[in-house]
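Chain by chain, the residues run as shown.
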Amino acid sequence: MSNNEKAVPLLSLSVQEPAPEVVSPVLVAAASIPTEAPTSPPQSPPQSPPQSPPQSPMLSFSSAPLSPSFSEKRRRAYALATSLGAGALVAALFCASLAVSLMRPDGSVPASAATSVAVVIGDGMGFSALSLSRACVASSFLGGQGAESAICYGVLGAGGVDVRLTVDSFLVGSMRSCSNSSLITDSAAAATALACGKKTTNGRVGVTADGMPIASLLESAKMRGQNVGVLCTSRVTDATPAAFTAHVSSRYNEQEIALQQLDLGIDIIICGGSYYYLPENRDDHRDLLSEAAAKGYMVFTNTTLFLEAHARGTLHPPILALLASSDLPFTIDQSELSLAKMTEITLGLITAPFFLLVESSNIDHAAHVHDPASVYHEVMDFWDTLSVLNASNGLLVVGMADHETGGLSLTDGLNSLWDPDIVANVDASCHRMADILLSGSANATEVLQEFAHISPTSAELAVIEAAVQGGVERLIETSLGNVVSRRSGVSWSTVNHTGVDVPLFAFCPGNCTCGSALQYLRGNVDNTFVTTVLESFMGVSLQNDTASLNQTIRLV
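Reading guide: rules and limits
- Position labels on residues start from 1 in each chain and follow its written sequence.
- Local features in a predicted model are, by the rule used here, given only for residues with pLDDT of at least 70; side-chain atom pairs are given and counted only at 80 or more, and totals for whole chains, interfaces and linings are based on all residues.
- To obtain the side-chain values, all non-hydrogen atoms of the structure were included, while hydrogens and water were left out.
- Buried Ala, Val, Leu, Ile, Met, Phe, Trp, Tyr and Cys residues form a nonpolar core when they are joined through side-chain atoms within 4.5 Å.
- The buried label goes to any residue with under 20% of its type's maximum accessible area, the exposed label to any with over 50%, and the partly exposed label to all in between, with areas taken from a 1.4 Å probe on protein chains only.
- Where helices and strands are cited, they refer to DSSP runs of H or I of at least four residues and of E of at least two residues respectively, numbered from the N terminus.
- Two residues qualify as a contact provided that any one of their heavy atoms is within 4.5 Å of a heavy atom in the partner residue.
- Two strands qualify as a pair provided that DSSP identifies no fewer than 2 bridges between them.
- To obtain an axis, a line is fitted to C-alpha atoms, over the contacting stretch when the element is a helix, and the angle between two such axes runs from 0 to 180 degrees between their N-to-C directions.
- Criterion for a salt bridge: a side-chain nitrogen of Lys or Arg within 4 Å of a carboxyl oxygen of Asp or Glu.
- Counted as a polar contact is a pair of N or O atoms within 3.5 Å, where, for protein atoms, one must be capable of donating a hydrogen and the other of accepting one, and residues adjacent in sequence contribute only when both atoms are in side chains.
- In these notes the angle categories are as follows: under 35 degrees is roughly parallel, over 145 is roughly antiparallel, 65 to 115 is roughly perpendicular, and the rest is oblique.
- The crossing is said to be left-handed when, going from far helix to near helix, the turn is anticlockwise and less than a right angle, and right-handed when the turn is clockwise.
- As a working rule, the residues Ala, Val, Leu, Ile, Met, Phe, Trp, Tyr, Cys and Pro are called nonpolar, Asp, Glu, Lys and Arg charged, and the rest polar, with Gly in that last group.
- For this text, the term disulfide refers to a pair of cysteine sulfurs within 2.5 Å.
- Every residue is assigned a pLDDT by the predictor, reflecting its confidence on a scale from 0 to 100.
- To estimate how far a helix should reach, multiply one less than its number of residues by 1.5 Å.

### What to know about the nonpolar core
And step 1. Within the largest apolar cluster, 137 residues are counted, with the highest numbers of intra-cluster contacts made by Phe306 and Phe355.
And step 2. At nine residues, the largest contribution of residues to this core is made by helix 13 (residues 372-390).
And step 3. Excluding residues within four positions of it along the chain, Phe306 makes contact with Ile270, Phe300, Leu315, Ile319, Ala321, Leu323, Leu337 and Ile345.
And step 4. Ala188, Ala191, Val205 and Val248 belong to the second largest nonpolar core, which has nine residues in total.

This is the structure we're talking about:
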């Protein structure tokens, strides 16, 4: 390591000294996943849409056999899909202008063409969350020298630093996120748009606004014999993973969501959320974990045992790893299993072609309670996950937020204060601190001094103590988050979602090509358009598969 380089946890950073004519030096930060990933993905040369687009790959169907674990009703759906042809014309007309086909004029596919897809969702991750996290990276790099030196976008002249991370090269544009019922979406409607390409009403999962089931990209991949995986830091029955794997009129019908997920035959699941798989928490008293084991799944409900199996080399699909009763712990509170590590494990087990849904769920959970430090660490895990995928080959990676949460802004609104040092120095989530307060093992002053390195004022203590007396954990978390936010200059406009546009990432790692997919995702697009591009790239027909689902699935 040269004198111009330092290192901080999770990231490897280096400073490039400016040439004399350059005003400010450039800091390049690359995620420190142990791979030899290129610093930026190779881009396909820009392609102009052909005057006469090739036939949409949505019209062709694979004859690959279904896996033995695939459900009977979806076997019927697949059989119907391969026989349906009437709806394909509409789908072809809808996608004809995309020209995302990878086929050569002679119909062959380049050997280096991507065959797999990974959709990576940062739940609730707006552009401000990226800015916050980037500034905290710079603060760590500069050794916590204070706001004046850590705000580093070149505005400070020769004393400033322009922060760029490797993942910044993956950013291709922004995405609109409104639902069918509101300019401000919830996660159910947002995920349904991304999974199925259709707008729906807030609260619905995998169904249209009028309640009809609609096929998801993951289901279509599974119907055609591809391997599929779901990785998330929330419970697997939560809205985002549910939209890719189930069809219910209410996101809160998690008992039915769990049933449909088991029925689908997903090859690899690594998430939280064993609760609705256990008989004591189900109205029908079915033990879905035992049923999964009977189907041949390796079943895990303990992170240590899961990682030991991985270390021994005994892991193999199908895998059902539900490693917490509900959501997995925040990254700031544990180092045992990150989303990036889950992704690395999965890539070593799954066989191409495959479809992966990967969700960094806890960004949203942290923003709902105004916890800037947890937002920072969860965004870092999202970035690390993209870097893990960038070290792979043969796949198209598309990352995005489903919506923004909290109305995060980097100013206190009064003195233009924004000090990332304070956020970067916090050592625990507000959730963990609230748990300690509720246990009675420490008071608010002790907790904030120990984990946030902040001595609260009497006014701040009064708010926290009132929340503790009320016993509502989410209010306690928010009262703690507001202290850290106020001290650092982070402000929030709401504890709910907002309607602003969100980041969109896309890249094809290694030597593979993604046709024109990257070109069509540039700029500002609607969330359903992202699905249209992926549908064409994958060569599936969501319209045909939806027609099949409506004949085989009863909406619950």
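From this point, things continue past the structure.
### Focus: the sheet that holds strand 15 (residues 502-507)
Hydrogen bonds between backbone groups are what pair the strands of a sheet, and the pairing can be parallel or antiparallel.
And step 1. Overall, mixed pairing links the 10 strands, which are arranged 9-10-8-7-11-4-12-15-6-16 in an open sheet. At either end of the open sheet lies a strand with only one pairing partner, and these are strand 9 (298-300) and strand 16 (523-526). Between one strand and the next, the sheet's axes are offset by a mean angle of 15°, whatever the strand orientation.
And step 2. As judged from the four bridges shared by strand 8 (residues 268-272) and strand 10 (residues 319-322), these two strands associate in the parallel manner. Paired with Ile270 across the two strands is Ala321, which belongs to strand 10.
And step 3. Of the strands in this sheet, strand 6 (171-176) and strand 15 touch helix 3 (residues 127-141), which is tilted by about 75° from strand 15.

### Digging into the pattern of salt bridges
And step 1. Summed over all chains, the structure comprises 14 salt bridges.
And step 2. Residue Asp545 is joined to Arg224 by a salt bridge in which the shortest nitrogen-to-oxygen separation is 2.9 Å. Taken together, the positions of Asp545 in helix 21 (residues 542-552) and Arg224 in the loop between helix 6 (217-223) and strand 7 (227-235) put the pair 321 residues apart, joining distant regions of the chain. Like Asp545, the residue Arg224 is buried in the burial classification.
And step 3. When the shortest N-O distance is used, the salt bridge between Arg286 and Glu291 registers 2.7 Å.
And step 4. Residue classification places Arg286 among the partly exposed positions, given a relative accessible area of 34%.
And step 5. By relative accessible area, Glu291 is classed as partly exposed at 23%.
And step 6. Connected via shared salt-bridge partners are Asp186, Arg235, Asp238, Arg251, Glu254 and Asp327.

### What to know about the side chain of Asp545
And step 1. Under the relative-accessibility criterion, Asp545 is labelled buried at 0%.
And step 2. Within the local environment of Asp545, its side chain forms a polar contact with the side chain of Ser220, the two groups lying 2.5 Å apart.

### Topic: the packing of helix 11 (residues 339-347) against helix 13
And step 1. Taken N-terminus to C-terminus, the directions of helix 11 and helix 13 make an angle of 20°; their axes are 8 Å apart at the nearest point. For the element pair helix 11 / helix 13, the angle class is roughly parallel. Between helix 11 and helix 13 lies a crossing whose hand is right-handed. Of the residues in helix 13, those in contact with Leu339, Ala340, Thr343, Glu344 and Leu347 of helix 11 are Asp381, Asp384, Thr385, Val388 and Leu389.
And step 2. Taken together, the residues that form the contact of helix 11 with helix 13 break down as five nonpolar, two polar and three charged.

### What about the state of the cysteines?
Each disulfide consists of one covalent bond between the sulfur atoms belonging to two cysteines.
And step 1. Evaluated as defined, the whole model comprises one disulfide.
And step 2. There is a disulfide in this structure between Cys508 and Cys514, and the S-S distance comes to 1.4 Å. Between Cys508 and Cys514, the S-S dihedral sits near 80°, and the bridge is therefore right-handed. Judged on exposure class, the residue Cys508 and its partner Cys514 are both buried.

### Re the pairing of strand 7
And step 1. Most of strand 7 is tucked away, with seven of its nine residues classed as buried.
And step 2. In this sheet, strand 11 (residues 354-360) lies alongside strand 7 in parallel orientation, the contact comprising six bridges. Note on strand 11: the bridge partner recorded for Asn227 is Phe354.
And step 3. With four bridges joining them, strand 7 and strand 8 adopt parallel strand pairing. The residue bridging Val230 from the neighbouring strand is Ile269, located in strand 8.

### Observations regarding the confidence of the model for the protein chain
And step 1. Residue-level pLDDT values for the protein chain average 81, and 74% of them are 70 or greater.
And step 2. For residues 1-112, every residue scores under 50 in pLDDT, and the model assigns this stretch 219 contacts once sequence neighbours within four places are set aside.

### Observations concerning the environment of Ile214
And step 1. Residue position: Ile214 is located in the loop between helix 5 (187-196) and helix 6.
And step 2. Non-local contacts of Ile214, meaning those with residues more than four positions away in its chain, are made with Thr192, Cys196, Lys198, Gly206, Val207, Thr208, Glu219, His247, Thr546 and Leu549.

### Quick word on the environment of Ala391
And step 1. Tracing the backbone shows Ala391 in the loop between helix 13 and strand 12 (395-400).
And step 2. For the pair formed by Ala391 and Gly510, sequence separation is 119 residues and the distance between their alpha carbons is 7.0 Å.

### Considerations on helix 3
And step 1. For helix 3, built from 15 residues, the straight-helix expectation of 21 Å at 1.5 Å per residue is met to within 8% by its first-to-last C-alpha distance of 21 Å.
And step 2. With 11 of its 15 residues buried, helix 3 lies for the most part within the structure.
And step 3. Among the residues of helix 3, Ala129, Leu130, Leu132, Ser133, Arg134, Ala135, Cys136, Val137, Ala138, Ser139 and Phe141 are the ones counted as buried.

### Details of the packing of helix 3 against helix 13
And step 1. Remark: helix 3 packs on helix 13, axes separated minimally by 9 Å, with the N-to-C direction vectors making an angle of 90°. In terms of their interaxial angle, helix 3 and helix 13 are classed as roughly perpendicular. Residue-level inspection shows Ala129, Leu130, Leu132, Ser133, Arg134, Cys136, Val137 and Ser140 of helix 3 in contact with helix 13, the latter providing Pro372, Val375, Tyr376, Val379, Met380 and Trp383.
And step 2. Taken together, the residues that form the contact of helix 3 with helix 13 break down as 11 nonpolar, two polar and one charged.

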